[in-house]
Amino acid sequence: MSEDAFVEHRKLIIAGSGISGLSAAIYAARSNNEPLVFEGDEPGGQLTLTTEVDNYPGFPEGISGPELIQNMKTQAERFGAEVDHGIVESVEADERPFTVTMKNGDVYTADAIIAASGASARTLGIPGEDDLMGYGLSTCATCDGAFFRDEKILVVGGGDAAMEEANFLTKFASTVYIAHRREEFRAEDYWIDRVMEKVDDGEIELLLNTEVTELHGSPEEGVDHVTMVRHPDGHPTDKLDDPETETFDFDCGAVFYAIGHTPNADYLEGTGVERDADGYVVAKGGKGANQTATDVPGIFAAGDVVDFHYQQAATAGGDGVKAALDADDYLEELEREERAEPEPAAAESDD
Ligand SMILES: Cc1cc2nc3c(=O)[nH]c(=O)nc-3n(C[C@H](O)[C@H](O)[C@H](O)COP(=O)(O)OP(=O)(O)OC[C@H]3O[C@@H](n4cnc5c(N)ncnc54)[C@H](O)[C@@H]3O)c2cc1C
């Protein structure tokens, strides 16, 4: 490390300023662990993509995602947490303290790290997406489904998540449509069976060998319709020039992408922190202390970067709290060990 790049040593660095990182920051700051929170490339995390959070406990009228996050940031800063721009590029865990290298080249050292870097919902990258995300386009049925009562809802995807979301959305929709680019779903039979029962009941309709190519609407009015393409052999966007590919417009009031999430944890590569086949960080879990510990002592993980199942603001926040408490236990133990270490013997003098 060049000396110019070294910025400072911190007791605790938190990667991520989403709800898990900020919840951890509130608790860590109150435990005098002086956390430094790095915001990554999405300050405030996924909740900043949504206009209305209706299920976070304590807000009977709901609250906008950005406002909830801003409140938490202010609360964390009130107790002394520092929130700074910066993307963690890599962590060196062979020696203690850890070395944390940022994307801009800055280098920090830290006694403990909380990975609260979330997961990013995959998107299609089609026209209309940026304008309508949070305004009729969503990546979270549990979060946003209830806003679209009696609407035609289109779910995009063909795996377990798409089946589960489609099934859930039948609670609200007039009809749920599933657009899948192939003939066969790759979901588990359990989920396919549940969806097919609802197809038989008329609650779900399947649009197979079909892909969405454009979303139409406005932030004021929401989604109005989508443009889709269909080819009898599937993967129609790969066959746009094929005469058998048909293009058509489809009216719907909301679109839910269920094409997976990518956990943001590549900066932990090489540390020894275990990740599962999809890249999610494996934390100890279970009951009792240290649930957020990874298999590298001193590195903890919280929120959607670990949790591929619940992925909710309240669960991510709770996870952040646990990580801060686990990190506090670890830091106290570290201090106890340092205090117990004998002073290096004074060099004997010959005179
Ligand atoms: C459109 C939408 C609407 C939603 N609505 C609701 C809702 O109504 N209710 C609900 O309960 N949940 C909702 N959710 C889910 C909820 O937002 C997530 O479960 C929650 O945000 C997860 O929090 P997190 O802190 O774990 O991760 P995230 O919110 O994903 O935050 C991750 C943070 O880590 C940072 N980061 C990433 N990589 C790095 C790095 N290398 N270095 C430093 N920082 C990094 C990012 O910039 C970000 O700040 C919604 C999600 C979406 C996408």
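All values reported here derive from a predicted model rather than from experimental measurement. (Residues numbered from 1 in each chain as written. Predicted model: local features only at pLDDT ≥ 70, side-chain atom pairs only at ≥ 80, totals over all residues. Heavy atoms only, no water.)

**A few points about the environment of Asp-304**
What counts, and what does not: The helix and strand labels rest on DSSP assignments: H or I over at least four residues marks a helix, E over at least two residues marks a strand, and numbering proceeds from the N terminus. In what follows, residue pairs with any heavy atoms lying within 4.5 Å of each other are defined as contacts. Polar contact is the term for a pair of N or O atoms within 3.5 Å; when the atoms are in protein, one must be able to donate a hydrogen and the other to accept it, and sequence-neighboring residues count only if both atoms are side-chain atoms.
Position of Asp-304 among the secondary structure elements: in the loop between strand 17 (299-301) and helix 7 (313-340). Separated by 23 residues in sequence, Asp-304 and Val-281 place their C-alpha atoms 9.3 Å apart. Excluding its chain neighbours within four sequence positions, the residues that come into contact with Asp-304 are Gln-46, Gly-118, Ala-119, Tyr-280, Gln-311, Gln-312 and Ala-316. Of note is the side chain of Asp-304, whose polar atom sits 3.1 Å from the side chain of Gln-46.

**What about the sheet that holds strand 10 (residues 175-179)?**
Test applied: For two strands to be treated as a pair, DSSP must find at least two bridges joining them. Fitted lines through C-alpha atoms give the axes, limited to the stretch in contact for helices. The angle between two N-to-C directions lies from 0 to 180 degrees.
Strand order in the open sheet formed by five strands is 8-15-9-10-11, with parallel pairing between adjacent strands. In this open sheet, the two edge strands, each paired with only one partner strand, are strand 8 (137-138) and strand 11 (204-207). Bridge count between strand 9 (residues 152-156) and strand 15 (residues 254-257): four bridges; the pairing is parallel. Its bridge partner being in strand 15, Val-156 is matched across the sheet by Tyr-257. Of the strands in this sheet, strand 10 and strand 11 touch helix 6 (residues 189-201), which is tilted by about 105 degrees from strand 11.

**Focus on the site of the ligand**
Selection rule: A cutoff of 4 Å decides nearness: a residue is near a molecule or strand if any of its heavy atoms lies inside that distance of it. Surface accessibility follows the Shrake-Rupley procedure with a 1.4 Å probe radius. Residue values consider only the protein chains on display as shielding. Throughout, the ten residues Ala, Val, Leu, Ile, Met, Phe, Trp, Tyr, Cys and Pro are labelled nonpolar, Asp, Glu, Lys and Arg are labelled charged, and all others, Gly among them, are labelled polar. How far each domain reaches was decided by an automatic or database domain assignment.
Taken together, 37 residues surround the ligand, and among them Ser-20, Glu-39, Glu-42, Asn-55 and Ala-313 come closest. Contact distances for the ligand include 2.9 Å between a nitrogen atom and a backbone N or O atom of Val-88. Across the complex, the protein chains shield 96% of the 1000 Å² of accessible surface that the ligand would expose by itself. Here the residues of the shell around the ligand sort into 13 nonpolar, 18 polar and six charged. When residues of the shell around the ligand are assigned to domains, at least three fall in each of domain 1 (7-121 + 261-333) and domain 2 (129-257).

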